[in-house]
Amino acid sequence: MKKMASLIPLCFLILIVGCESFMKKDYKKPSQPDISSGETGPEKSSNEAISPPKRSGYLASGSTVKVDTGEGDKKISILEQFEQTRAALVSAKAKIASLEKELVNNKKIKAALETELEETKKQQLDAAQQIVIENERLNKQLNESREPYEKKIKKLTLELTKAQIEETKAKQELIGLKIEQLTEKKKLKTQDSQ
């Protein structure tokens, strides 16, 4: 039973393939004129005798209306124009779809770049604020560290000034003593000479 069940699809497949190949053979055979009549129609040419059989039905041989497109002897049927227009429409739709995808991608890229730009600006602003805060801290620290030295410098300057004043006083006293010695020597000389 299982073998039969597996053979049924195989048989069905062979049947379909066989029918298709049989139908293809019929269409590939060129139609030959009727030899028994011995004559060909006046409107049939030698090319039509070799071509595949024509289908029957309305518009089987093309449109009954021909449109002049202004290209001289070239006449295009409405069906051909319709097919060309349909092909152009499909091509235009494909281009539109491609451009829309590209536009979406460009919008995504633009949004990503804008987000990155905003983040960069925010980072730069944060960095600038950090630099300002750090500068203020360093200035305060510098002023705090400079203050004791400035006090020492003022104290030393004051001491130096006092020392210079004392030195000047000492020089003045020394000069005064020298003057006194010189005057005493002169007095002694004058007294000795008298």
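Predicted, not measured: the structure shown is a model, and the values here were computed from it.

Q: Please explain the overall build of the protein chain as it appears in this structure.
A: Scanning the protein chain from N- to C-terminus turns up 3 helices and 2 strands. Ordered by position in the sequence, the α and β elements of the protein chain form the string α-α-β-β-α. By the burial criterion, 2% of the 194 residues in the protein chain qualify as buried. The contacts in the protein chain between residues at least 6 apart in sequence include a share of 10% that link residues at least 24 apart. As displayed, the protein chain offers around 18700 Å² of accessible surface, 60% of which is attributable to carbon and sulfur atoms.

Q: When you look at the pattern of salt bridges in this model, what are you seeing that I'm missing?
A: Between side chains of opposite charge, pairing is possible as soon as their charged atoms come close. Throughout the structure, instances matching the rule amount to 4 salt bridges. A salt bridge links Glu134 to Arg137; its shortest N-O distance comes to 2.3 Å. One end of the pair, Glu134, and the other, Arg137, are both in helix 3 (residues 78-193), 3 residues apart, so they sit about a helical turn from each other. In this structure, Lys171 engages Glu167 in a salt bridge whose closest nitrogen and oxygen atoms are separated by 3.6 Å. With Lys171 and Glu167 both in helix 3 and 4 residues apart, the pair spans about one turn of that helix. Judged by its relative accessible area of 43%, Glu167 falls in the partly exposed class.

Q: Help me understand helix 3 in this model?
A: Every α-helical turn comprises 3.6 residues, leaving residues that sit three or four positions apart pointing alike. The end-to-end C-alpha distance of helix 3 is 159 Å, a good match for the 172 Å that 116 residues give at a rise of 1.5 Å each. Considering bend angle alone, the principal kink of helix 3 is centred on Glu147 and spans about 30 degrees; proline Pro148 follows within four residues of it.

Q: Which parts of the structure should I look at to understand the confidence of the model for the protein chain?
A: Residues at a pLDDT of 70 or more form 62% of the protein chain, whose mean pLDDT is 77. Mean pLDDT across the elements of the protein chain ranges from a minimum in helix 2 (residues 46-50), with 47, to a maximum in helix 3, with 91. In the predicted structure, residues 26-49 sits below a pLDDT of 50 and forms 13 contacts with residues beyond four places in sequence or in another chain.

How each quantity is defined
Residues numbered from 1 in each chain as written. Predicted model: local features only at pLDDT ≥ 70, side-chain atom pairs only at ≥ 80, totals over all residues. Heavy atoms only, no water. Helix = DSSP H or I, 4+ residues; strand = E, 2+ residues; numbered from the N terminus. Buried < 20%, exposed > 50% of the residue type's maximum accessible area, 1.4 Å probe, protein only. Contact = heavy atoms within 4.5 Å. Areas by Shrake-Rupley, 256 points an atom, 1.4 Å probe, with all protein chains shown as cover. Salt bridge = Lys/Arg side-chain N within 4 Å of Asp/Glu carboxyl O. Expected span 1.5 Å × (residues − 1). Bend = angle between axes of the 7 residues up to and from the residue. pLDDT = per-residue confidence, 0-100.

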